[in-house]
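Remarks on the overall topology
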Amino acid sequence: MAYPIQDIAQIIHAQSGNGQAFSNATIHHLLIDSRKLVFPESSLFFALSSPRKDGHQFLAELYAAGVRNFVVTDAVIAKDLKGANLLVVENVLDALQTLAKTHRAAYPDLPVIGITGSNGKTMVKEWLNLLLQKDHQIVRSPRSYNSQIGVPLSVWQISAQDSLGIFEAGISKVGEMAALASIIQPTMGVLTNLGEAHAEGFSSRLEKLQEKLHLFQGLSKILVALDALTVAEQAYLQEKFPLAICWSRKQTAQLQILKSSSEKGSTLLTALFEQREVSIRIPFSDPISIDNAITCWLVLLQMQYPDQEIATRMALLEPVEMRMQLKNAINHCYLINDSYSNDLSSLTMALAYLKQQAGDSKTTLILSDIPQTGADSAGIYEQVAVELAERKIHQFIGIGPAISAAGISFQQRIPNASFYSSTADFLERCNAHQFQHEYILLKGARVFAFEQISKWLEQQQHQTLMEINLNAMVHNLKAYQAKLQAGTKVMAMVKAFSYGSGSVEVARLLEFHQVNYLAVAYADEGVALRQAGIRLPIMVMSPDETSFDALVNAHLEPELFSFGIYQAFHEYLLKQGLSAFPVHLKFNTGMNRLGFETTEAAAIAHALQVRNTMQVKSVFSHLAGSEQAGLDAFTLEQASLFEQAAGQVETILAYPILKHISNTAAIFRYPQLQYQMVRLGIGLYGVDPVNEQALSLQPVSTLKSTIAQIRTVAKGQSVGYGRNAFMEKDSLIATIRIGYADGFGRELGNGRAAVWVRGQLAPVVGNVCMDMTMIDVTGITAVQEGDQVEIFGTHLPVQELAKWAGTIPYEILTGISQRVKRVYLEE
């Protein structure tokens, strides 16, 4: 897509912000996030605003990076952007949606499948893409781009080469769907289901259904999973869409499911359609996948595909990886595996994630042929090569005949570019590539079977791993930010290996999402972050004299908690000839751990003022019981002492200083104590110390293992060291690959704890061993060796495990051994 800036101004009814005619510019890319800039000259930035961020704040940064085209509501803020095109509108989001709506209308003959529902939208969309890509050039929503912002960005991708569009639409309250419907303009509609997601935005399920159905206004062909609706909801559907095409297990429908039988991870489905019996086998046995597969089946039947062709294609469905995975790889590398599909939009998103994670580290892209590039194959690969050069990819490996044929485009822009005819060809010669200390993005079309490359690159570790859901962490960050007063900054705690989650990976995510400060316990933790390219200011909470060189060399900011550490650092700075070095003052207000006494506030402030070797960035204290209502009076007493001490420091030093005392619990319970900054710790990782349901935190860490062996142990026999557990009946005992060396402590043995296996709790039997633990799986249906076991996570909260262990979630999370592989997931 390419639009002259003058045409866009006319489409969105924009006025010139500087009173002059718009300079010539051709727009190819729409930008809403300054961190994702790739093509400055051809990008149009929309300065969107939210309760915590205003896009206008990033205009100068983008201008310095070469952007010259902006959609704004406030031209005064942008008055210093000389020569820029300032398109002034009343509402930036409306302008973005209007532009996308006009772009969609430029392709009136393009068939578009519009998908909505409480769950399953992305899975159905991705499966339809897989099922139909053999016959169509498909444009679709990248990942879960289904919001008021995501939908227009998705539709903007439509080009003349496309023969089918598949877009999903998500809503969270009444009145949102009309705008999305006008942008998507579907010719076929799919309603996946109706569940409880976003229920808070609607007075009832029926109201939610009514709003979702606005996507299909004027359509005669909509496809519905009927069993997901109540009787009243079905009646409303029939009234509004009498020609709706439905599938059901329970009642008469166009696709009537007659039989469903699952075994060994696959399911055989038999149904009645247009008075004939049809059947498919799908490689899934879980209810969610089965339902979504049936919906896809109905779509193909409506598109009049032959029964046998449908059966063949449905058998090839694979799990949809909704999230990119970041894993440890050979030779101190990291591997990002995003090889389920390969198209331009998903490639752009994967590259952005690669740069976000890698920072300044070396990057490598392994890319297969891009399917359905059409007649302009050379032009598509030229476009990819330009983007890789813009993103400064260090090494490029192309796999496939088409991308190899376009090799000159890459070699002209990326000196270290090589090509292979097939995946097998690459694996035969892969040792020629010395991957060392780099981030590797694996991006391939399904037919290239890149899982073989992934297996070769991944470090071989035992099958216990901890998944870190970075999307959940972002959700939790935003949940707490929503509770902050305007202008309050966030210091994120990443000490103790980020509560077991991995310091560098978490710090990169937090830096990307623009927290203001990071905090670590020791200088070596901060040094590791600096070596990984983290630029955020970092406070070190437990400095000592041996760490002063590291503090200064890595630009870390120490906490000063006593006159002894102050004097030692002062003398060090004098010897180094340094002045105004940033530090943080901690006061003891009742925790009685570290900190100046509040009565020493004036003395330390005067010393700092006279000597001038340091500059105070913040003054803070530590609350002893902010999560406990019974300690409210003591907490407020601490706050009063802190305010007195901080006030004296501010008065004497006479320059702005940040104040912070609120930890995770206090953010919610004491909004009056947020001051200029808060310290967000355990809540960021999905553990709410207050147990306040309104926050709706999501678990970040999921610890998993697998079953190594299952055996029948007869009544009266014992299990484990010390013979502490005797079977009271014949029992099925499974041994799982986790023990106290991994962080699953001995205190959890002998029935005190359980793990989650195939939807049920399985109690621990006998003593926990160093590397293994035995569990009782008697009565758990279909359990088998190799099954995955959840130690804590989505189904079994870490709080529950901590209760069984007689400790707190902090200890459980930080106690997970470094030998347990961390896998990072992000949409």
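It should be noted that the structure appears before, not after, this text.
Read on for a plain summary of the structure.

**What about the overall build of the protein chain?**
- Of the regular secondary structure elements, the protein chain holds 27 helices and 41 strands.
- Radius of gyration (C-alpha) of the protein chain: 29 Å, near the 28 Å computed for a compact globule of 827 residues.
- Over its C-alpha atoms, taken along the principal directions, the protein chain stretches across nearly 90 × 90 × 60 Å.
- Contacts in the protein chain between residues at least 24 apart in sequence constitute 66% of all its contacts with a sequence separation of at least 6.
- Summed over its atoms, the accessible surface of the protein chain is roughly 34400 Å², and 51% of this surface lies on carbon and sulfur atoms.
- For the protein chain, the distance from the average position of its 66 positive side-chain charges to the average position of its 77 negative side-chain charges is 2 Å.

**Considerations on the sheet that holds strand β7 (residues 85-88)**
- Across the sheet, 5 strands lie side by side as β2-β7-β6-β5-β4; this open sheet has mixed pairing. The two strands at the open ends of the sheet, each matched to only one other strand, are β2 (15-16) and β4 (29-31).
- Where β4 and strand β5 (residues 43-46) come together, 3 bridges link them in parallel fashion. In the strand pairing of β5, Leu 31 is matched with Phe 45.
- Each of β4, β5 and β6 (69-72) is contacted by helix α3 (residues 92-105), which is oriented at about 140° to β5, the strand it contacts most.

**Let's talk about the pattern of salt bridges**
- For the structure shown, the criterion picks out 26 salt bridges.
- One salt bridge connects Lys 659 with Glu 650, and the closest N-O pair in it is separated by 3.6 Å.
- Judged by relative accessible area, which is 13%, Lys 659 ranks as buried.
- The salt bridge partner of Arg 758 is Asp 787, with a shortest N-O separation of 2.7 Å.

**What to know about the side chain of Asp 338**
- Locating Asp 338 in the fold gives a position in the loop between β18 (333-337) and α11 (344-358).
- A polar contact of 2.9 Å, which involves the side chain of Asp 338, links it to the side chain of Lys 443.
- When sequence neighbours within four positions are dropped, the list of residues in contact with Asp 338 reads Arg 143, Met 324, Ser 346, Ala 350, Leu 441, Leu 442, Lys 443 and Gly 444.

**Some details on helix α10 (residues 307-314)**
- Every buried residue of α10 is accounted for by Ile 310, Ala 311, Arg 313 and Met 314. The buried residues of α10 occupy an angular sector of 170° when projected down its axis, which confines them to one face.
- Buried residues along α10 sit in contact with α4 (121-132), β16 (276-282) and α9 (287-302).

**Description of the pairing of β18**
- Of all 5 residues in β18, 4 are buried; the element is thus mostly enclosed.
- Inspection of the sheet shows strand β17 (residues 324-329) paired to β18 by 5 bridges, in the antiparallel sense. Bridging across to β18, Leu 326 finds its partner in Ile 336.
- With antiparallel pairing between neighbouring strands as the criterion, β17 and β18 make up a hairpin whose turn holds 3 residues, including Asn 331 at a positive phi of roughly 55°.

**Some thoughts on the nonpolar core**
- Counting residues in hydrophobic clusters, the biggest one holds 145 residues, and the most contacted among them are Phe 396, Phe 410, Leu 518, Leu 585, Ile 791 and Phe 792.
- Ile 113, Val 124, Ile 290 and Trp 297 belong to the second-largest nonpolar core, a separate cluster that totals 41 residues.

**Details of the pairing of strand β11 (residues 188-191)**
- Across the two faces of β11 the burial is the same, with Met 188 and Val 190 and Gly 189 and Leu 191 all buried.
- Pairing of strand β8 (residues 112-116) with β11 involves 4 bridges; the strand directions are parallel. Bridging from a neighbouring strand, Gly 114 pairs with Gly 189 of β11.
- Pairing geometry for β11 and strand β12 (residues 222-225), over 3 bridges, is parallel. Paired with Gly 189 across the bridge in β12 is Ile 222.

**Considering unusual backbone geometry**
- Of note, the phi angle at His 332 is positive, near 65°, even though the residue is not glycine.
- With respect to the secondary-structure elements, His 332 resides in the loop between β17 and β18.
- On the basis of relative accessible area, His 332 is assigned to the exposed category, the value being 58%.
- Even without being a glycine, Ser 696 presents a positive backbone phi close to 50°.

**Structural notes on the sheet that holds strand β14 (residues 255-263)**
- Pairing within the open sheet is mixed, and its 9 strands lie in the order β9-β10-β8-β11-β12-β13-β14-β15-β16. Of all strands in the sheet, those with a lone pairing partner are β9 (138-140) and β16, marking the two edges. Pairwise comparison of adjacent strand axes, ignoring direction, gives a mean angle of 20° for this sheet.
- With 3 bridges joining them, β9 and strand β10 (residues 164-168) adopt parallel strand pairing. Bridge pairing in β10 places Ile 138 opposite Leu 164.

**Notes on the packing of helix α22 (residues 563-576) against helix α23 (residues 601-611)**
- At their nearest, the axes of α22 and α23 sit 12 Å apart, and the two run at 5° to each other. Looking at the two axes, α22 sits roughly parallel to α23. The residues of α23 that touch α22, namely those facing Phe 563, Tyr 566, Gln 567 and His 570, are Ala 603, Ile 604, Ala 607, Leu 608 and Arg 611.
- Residues that form the contact of α22 with α23 fall into these classes: 6 nonpolar, 2 polar and 1 charged.

**Here's the deal with the packing of α11 against helix α12 (residues 377-390)**
- Taken N-terminus to C-terminus, the directions of α11 and α12 make an angle of 10°; their axes are 12 Å apart at the nearest point. It follows from the interaxial angle that α11 and α12 lie roughly parallel. Every residue of α12 that contacts α11 at Leu 344, Leu 347, Thr 348 and Leu 351 is listed here: Ile 380, Gln 383, Val 384, Glu 387 and Leu 388.

Reading the values: the criteria
- Residues numbered from 1 in each chain as written.
- Predicted model: local features only at pLDDT ≥ 70, side-chain atom pairs only at ≥ 80, totals over all residues.
- Heavy atoms only, no water.
- Helix = DSSP H or I, 4+ residues; strand = E, 2+ residues; numbered from the N terminus.
- Rg over C-alpha atoms; globule rule 2.2 N^0.38 Å.
- Contact = heavy atoms within 4.5 Å.
- Areas by Shrake-Rupley, 256 points an atom, 1.4 Å probe, with all protein chains shown as cover.
- Lys, Arg positive; Asp, Glu negative; His and termini not counted.
- Charge placed at Lys NZ, Arg CZ, Asp CG, Glu CD.
- Pairing = 2+ DSSP bridges.
- Axes fitted to C-alpha atoms, helices over the stretch in contact; angles between N-to-C directions.
- Salt bridge = Lys/Arg side-chain N within 4 Å of Asp/Glu carboxyl O.
- Buried < 20%, exposed > 50% of the residue type's maximum accessible area, 1.4 Å probe, protein only.
- Polar contact = N/O pair within 3.5 Å; in protein donor to acceptor, adjacent residues only side chain to side chain.
- Arc of directions from axis to C-beta.
- Core = buried A, V, L, I, M, F, W, Y, C linked by side-chain atoms within 4.5 Å.
- Parallel < 35°, antiparallel > 145°, perpendicular 65-115°, else oblique.
- Nonpolar A, V, L, I, M, F, W, Y, C, P; charged D, E, K, R; others polar.

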